[in-house]
Amino acid sequence: MTLEQQEQLKQFPLPLRRLVEAELAIGNLILEIGHSHPAPPAGAFVKLANKISTHPRTSANGLDFYERNHSGYSGEFTNSQRFYFVLEPPNPPPEEPDMDTLRKALEPKTSLSENSGNAAEVPEKRSGGSLSTSSSPRRASRHGTFSDLVSKKSSTRATPLSLAEEPGKLVYHLHFRDPRPPHEIQHALERSLMTLFSGSLENHRLFYCADAKADGCHYLFKLDFLAALPKENCYLLRTEVSRKVEMATDPESMKRQSASWLDVWTRELTPAAPPKRIPEPTEHYQALCQSALTAEAHLTSVPAIQGAIIEGLRRGGRFTTSHKEGTTNIYWRIDRYIRCDEGDYSDIHAYTDESEFLTMLRRFTDFQVTRRSQGLERPEFDTWKLILRLLR
């Protein structure tokens, strides 16, 4: 166990720390110490190389045990507060299914009476001479991806997602429902797109606009706050995509590319059927609009935004980034700011000077916040607003 791991392990409750020490004593190894799921920002986890053998895999001796089957880990040991975890490695993947058996199970089953008059028939052959067979099934998610839903042809009018082609551009409509208020949806999209939305009222209705570029294509976004329901809100995200010149003769390629980008950008949103009618703005709707437009009215300068970031870190927030060398976590611990790099170039830095820390944070997040800047230099105010969006 490295000195860095020893220091991080000191933060764990005593029963969990003793469990790790007992496992290390019999030859188990620490694969990772992290600060993400299943631990909250104020906690941490230890992932071991082998399953626990020094403690029964049940809840006992001040430890709670849960059997999991996630892709990243299996069993988890924690305590009643659920801030710190000891994780076991993931279970081995199941055996690959026998595709011949699956195909045979999918073949239509006919009765003897149906076959009695067709004894002379033979299976149709393809041009290559092999017998035609039904294609194997493709596993799909519950809702499907954005690109899957766009490509589906449906006879219903209440389609959650729609695509329309106009001269020189594509227009996507994504209806979704979400319990979050409008400004939180705005912040989630800004975090995903790394571009800021501007909000305004038009005929007493709230909407946000933004634009971005990806692979040379221009995307114009308009987020409409349609209705405020008792337990959730109705939204419409309209995305207009301008084609690149070289894609003008290949519209299918343009559809695939834009749908893939939208799939990434809207992964936090759950598509829903559009409302049958949009009600007139209610008092509740207008209150949400006013709250959304004034949510960050106090952030009028770069120092004010930096102060919000500092306050968020001290309340338990953190910056977490995965990259090709590993992961980086930036957080507040007791009386200093910590930057912990894990992976090929593992290192840990502590900052007690707030100005020095903010300089590091600005430099560290520069690539993330400038990738949608369309080659233009952003004002520092906008840059720090996007850095604030990365705080989770």
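Scoring rules and cut-offs
Residues numbered from 1 in each chain as written. Predicted model: local features only at pLDDT ≥ 70, side-chain atom pairs only at ≥ 80, totals over all residues. Heavy atoms only, no water. Helix = DSSP H or I, 4+ residues; strand = E, 2+ residues; numbered from the N terminus. Buried < 20%, exposed > 50% of the residue type's maximum accessible area, 1.4 Å probe, protein only. Expected span 1.5 Å × (residues − 1). Core = buried A, V, L, I, M, F, W, Y, C linked by side-chain atoms within 4.5 Å. Contact = heavy atoms within 4.5 Å.

Asks: Help me out: how do you make sense of unusual backbone geometry in this one?
Replies: A negative phi angle is the norm for most residues apart from glycine, just as the trans form is the norm for most peptide bonds. Of the consecutive residues His-37 and Pro-38, the connecting peptide bond is found in the cis state with omega at 10°. Structurally, the position occupied by Pro-38 is in the loop between strand E1 (30-34) and strand E2 (44-48). Unusually for a residue other than glycine, Met-194 sits at a positive phi of about 55°. Structurally, Met-194 is set in the loop between helix H6 (182-193) and strand E8 (198-202). Among the residues examined, Met-194 registers a relative accessible area of 0% and is labelled buried. In this structure, His-204 is a non-glycine residue whose phi angle is positive, near 65°. Tracing the chain through its elements places His-204 in the loop between E8 and strand E9 (205-214).

Asks: Could you clarify how one ought to interpret helix H7 (residues 251-265) in this entry?
Replies: In an α-helix, one full turn covers 3.6 residues, which means residues spaced three or four apart are oriented alike. Between its terminal C-alpha atoms H7 stretches 21 Å, which fits the 21 Å expected from 15 residues at 1.5 Å a residue. Every buried residue of H7 is accounted for by Ser-253, Met-254, Gln-257, Ser-258, Ala-259, Leu-262 and Trp-265.

Asks: Got a minute to help me understand the nonpolar core in this structure?
Replies: Side chains that are nonpolar tend, in soluble globular proteins, to be buried together. Residues Phe-176, Leu-189, Phe-221, Leu-223 and Phe-225 are the most contacted members of the largest nonpolar core, which totals 31 residues. Broken down by secondary-structure element, the contributors of at least two residues to this core are strand E7 (169-178), H6, E9, strand E10 (217-228), strand E11 (233-242), H7 and helix H8 (283-294). Residue contributions to this core peak at six residues, all from E10. In contact with Phe-221, other than residues within four places in its own chain, are Leu-193, Phe-197, Tyr-208, Cys-209, Ala-210, Asp-211, Ala-212, Leu-237, Arg-238, Thr-239, Leu-262 and Trp-265. Formed by 21 residues, the second largest nonpolar core is a distinct cluster that contains Ile-305, Ile-310, Leu-388 and Leu-390.

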